[in-house]
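Remarks on the overall topology
For reference, the chains in residue letters:
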Amino acid sequence: MPLTTPAPGPSSSARVAAAVRHAVGTGLLGEGRPVAGFIDTDGVRASVAALHDAFTDTPATVLHTFAAKAASLVPVLRLLADCGMGCEVASPGELRLALDAGFAPSTIVLDSPAKTRNEIRQALALGVALNADGLDEVRRIASLRPRSSVSVIGLRINPQVGGGSISAMSTATPTSKFGVALHDPGARESVVRAFSEHSWLTRLHAHVGSQGCSLDLIATGVAETYRLAEEINETLGARQVTSIDLGGGLPVNFEDDSVRPTFSAYVAALRAAAPGLFDGRYGLVTEFGRSLLAKNGFIGALVEYTKDAGSRRIALTHAGAQIATRTVFMPDSWPLRVGAFDAEGRPKDGPPLVQDIAGPCCFAGDVVAHARELPELREGDFVVLYDTGAYYFSTPWSYNSLPRPAVYGFSTTGAGSDSSGEETVRFAPVRDAQSLESIAEESGAGHADSLLGIGPHHTE
Ligand SMILES: *Cc1c(COP(=O)(O)O)cnc(C)c1O
């Protein structure tokens, strides 16, 4: 599969600046299109290449899958497939998107804590890998699995190594809903027994957590999983566990442009915690989402008005809780860098002024950045929310019946220069902005009269 690393080019913030300028110049951002998401395809290719490079020293066979929920957009998934990735999915919808994007079933992994019998049947028929979330699910799979199924089947464990700084993102706490809680009384024995009863159970899976979990915590959880694999194989006297799914969860630095921790630091931390993991006896699977996409995307939004309230300046923009939901509701856990751009899409400078960057939703808390020092914003300017390439475009919120914003991909490397000598940017559509027809339809417009036809005034 093609695995091209883009030529070293301008820094990611320089690419963002070029993209904003061209998006405003070509009308992708402006009065009629006041908010949109953008994905840097050169950056995505470079991040995937960095992930592959980090593992090249190991003799182990590695399948790198992308966690679909981080950017569940078919063209983005297809780009990742083209970079040689597989796909981690957790619902029938995500499975459908992965298949539409062209991932081979053998490169798809299905994780979800509530798989229905039908979902299990479908995955087994397709040959998609499944990680059972518990021993009850192992029993269900045993009863549904056709002998001819080529699906790799694993068991998710919770190594209970503790949480990170964001509790909602921590999956390895003692009471997490995910996996088999390994340190609970009798759990280890039950897991070993399940493997001895089912020779098709050949993989262990652990996803220790997402943003807020340190490299150390992830490495400790993976090392526990590795030790369990060794114990199962020793007890059974056979190499039944042949692969380990390491999950994802590498945290992302949202403070500046630098990528830290890197995928190489991740591999180094795992190697230190579990040296045998990389010696080639186990196949490895990764499931990164945020660390591949976050720094390769941004949101651009028009400043519709500014006002003063109390002694605070407020910029009212079109990017709020409908696209930056987590940031609005948990501002301390999910702070974002904001950039100020003028009406032509050029970076603004000027003395810093403390401003709130608010969104368009009708509730007072709809603020994406509180008391931020930025050059003074005015009507017609634009703001950029950096590092929003993961999760922000795939988890919109339809509050106030606001439309899902359009998403565009862009490349600066293939684009060349225009007559003024400035670098040009090429855009491609990823998702259209949601239309009013679509909003009406998902709001029940097709059933408009239905409530009039039941109840006391009902006439046959
Ligand atoms: C969400 C999730 C991931 C991806 O997490 P990131 O923090 O985006 O890397 C991987 N595996 C599982 C099982 C998940 O639920």
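Residues numbered from 1 in each chain as written. Predicted model: local features only at pLDDT ≥ 70, side-chain atom pairs only at ≥ 80, totals over all residues. Heavy atoms only, no water.

**Quick notes on the packing of aromatic side chains**
Under the convention used in this document: Ring pairs are drawn from Phe, Tyr and Trp, using the six-membered ring of Trp, whenever the two centres fall within 6.5 Å, and their geometry is named by plane angle: stacked under 30 degrees, edge-to-face over 60, tilted for the rest. Helix numbering and strand numbering both begin at the N terminus, where a helix is a DSSP run of H or I of at least 4 residues and a strand a DSSP run of E of at least 2. The buried label applies to any residue whose accessible area, calculated with a 1.4 Å probe on protein chains only, is under 20% of its type's maximum; exposed applies above 50%, and partly exposed to all values in between.
Within this structure, the stated rule accounts for 15 aromatic pairs. Taken together, a centroid distance of 4.9 Å and an interplanar angle of 15 degrees make the contact between Phe-38 and Phe-298 stacked. Of this pair, Phe-38 sits in strand E1 (residues 35–40) while Phe-298 is found in strand E11 (residues 297–309), placing the two residues 260 residues apart along the sequence. By relative accessible area, which is 1% here, Phe-298 ends up buried. Between Phe-363 and Tyr-399 the ring centres are 5.1 Å apart and the planes differ by 75 degrees, which places this aromatic pair in the edge-to-face class.

**With respect to the domain arrangement of the protein**
When the parts come together, some accessible area is lost, and that loss is often what is quoted as the size of the interface. Quick reminder of the rule: Domain extents, as shown, originate in an automatic or database domain assignment. Pairs of residues are marked as contacts when any of their non-hydrogen atoms sit within 4.5 Å. Here the buried area means the combined drop in accessible surface, using a 1.4 Å probe, for two parts upon being joined, counting both sides. A pairing counts as a salt bridge when a side-chain nitrogen of Lys or Arg comes within 4 Å of a carboxyl oxygen of Asp or Glu. The term polar contact refers here to a pair of N or O atoms within 3.5 Å; inside protein, the definition further demands a hydrogen-donor-capable atom paired with an acceptor-capable atom, and it admits residues adjacent in sequence only when both atoms are side-chain atoms. Following the grouping adopted for this structure description, the nonpolar residues are Ala, Val, Leu, Ile, Met, Phe, Trp, Tyr, Cys and Pro, the charged ones are Asp, Glu, Lys and Arg, and the polar ones are all others, Gly among them.
Partitioning the protein into domains gives domain 1 (104–288) and domain 2 (295–442). Listed by partner, the interface residues are eleven residues for domain 1 and nine residues for domain 2. Approximately 830 Å² of surface area, both sides summed, lies buried where domain 1 meets domain 2, with 65% of it carried by carbon and sulfur atoms. In terms of surface lost to domain 2, no three residues of domain 1 exceed Ile-166, Met-169 and Phe-254, which account for 57% of the buried area on that side. The partner of Arg-337 in a salt bridge is Asp-257, and the shortest N-O contact between them spans 3.4 Å. Linking domain 1 with domain 2 are three residue pairs in polar contact (both at pLDDT 80 or more). Among the residues making up the side of domain 1 that touches domain 2, the classes are represented as five nonpolar, three polar and three charged.

**Details of the site of the ligand**
Heads up, the condition is: The nearness test applies per residue and asks whether one of its heavy atoms lies within 4 Å of the molecule or strand. Using a 1.4 Å probe, accessible areas were evaluated by the Shrake-Rupley method; residue-level cover was limited to the displayed protein chains.
In the neighbourhood of the ligand, 14 residues make up the surrounding shell, with Lys-69, Ser-210, Glu-287, Arg-290 and Tyr-391 lying closest. Residue Glu-287 places a side-chain N or O atom 2.7 Å away from a nitrogen atom belonging to the ligand. The contact in question runs from an oxygen atom of the ligand to an N or O atom on the side chain of Tyr-391, over 2.5 Å. Against a free-state accessible area of 390 Å², the protein chains account for coverage of 94% of the ligand. Among the residues forming the shell around the ligand, the class breakdown is three nonpolar, five polar and six charged.

**Considering helix H2 (residues 41–54)**
Applicable threshold: An expected span of 1.5 Å times one less than the residue number is assigned to each helix.
Over its 14 residues, H2 extends 20 Å from the first C-alpha to the last, a length consistent with the 20 Å expected when each residue adds 1.5 Å. Three or more residues of H2 are buried, namely Asp-42, Gly-43, Val-44, Ser-47, Val-48, Ala-49, Leu-51, His-52 and Ala-54. Measuring from the backbone nitrogen of Asp-42 back to the side-chain oxygen at the start of H2 gives 3.2 Å, which picks out Asp-40 as the cap.

**Describing the UniProt feature "domain: Orn/DAP/Arg decarboxylase 2 N-terminal" (unreviewed entry) in the protein**
The condition is simple: UniProt positions are given in the numbering used here, feature names are shortened, and annotations may be inferred rather than shown by experiment.
Here the UniProt feature "domain: Orn/DAP/Arg decarboxylase 2 N-terminal" (unreviewed entry) sits at residues 47–293. Across residues 47–293, the secondary structure splits into 38% helix and 16% strand, with the terminal C-alpha atoms separated by 8 Å.

**Describing the pattern of salt bridges**
For the coordinates displayed, the defined rule picks out 20 salt bridges. Its salt-bridge partner being Asp-40, residue Arg-15 comes within 2.6 Å of it at the nearest N-O pair. Taken together, the positions of Arg-15 in helix H1 (residues 12–25) and Asp-40 in strand E1 put the pair 25 residues apart, joining distant regions of the chain. Given a relative accessible area of 3%, Asp-40 falls into the buried group. Measuring nitrogen to oxygen at the nearest pair gives 2.9 Å for the salt bridge that ties Asp-279 to Arg-281. A relative accessible area of 39% places Asp-279 in the partly exposed class. Residue classification places Arg-281 among the partly exposed positions, given a relative accessible area of 32%. Linked through salt bridges whose partners overlap, the residues forming this network are Asp-257, Lys-295, Arg-337 and Asp-387.

**Re the environment of Ala-14**
Relative to the helices and strands, Ala-14 resides in helix H1. Given the relative accessible area of 36%, Ala-14 is considered partly exposed. With 75 residues separating them in the primary sequence, Ala-14 and Val-89 have C-alpha atoms 33 Å apart.

**Some words on the side chain of Ser-411**
Relative to the elements of secondary structure, Ser-411 occurs in strand E17 (residues 406–411). Look at Ser-411 and you get buried, because its relative accessible area is 13%. A polar contact is formed between the side chain of Ser-411 and the backbone nitrogen of Thr-413, at a distance of 3.4 Å. In this view, Ser-411 contacts Thr-41, Asp-42, Thr-424, Val-425 and Arg-426; residues no more than four positions away in its chain are not counted.

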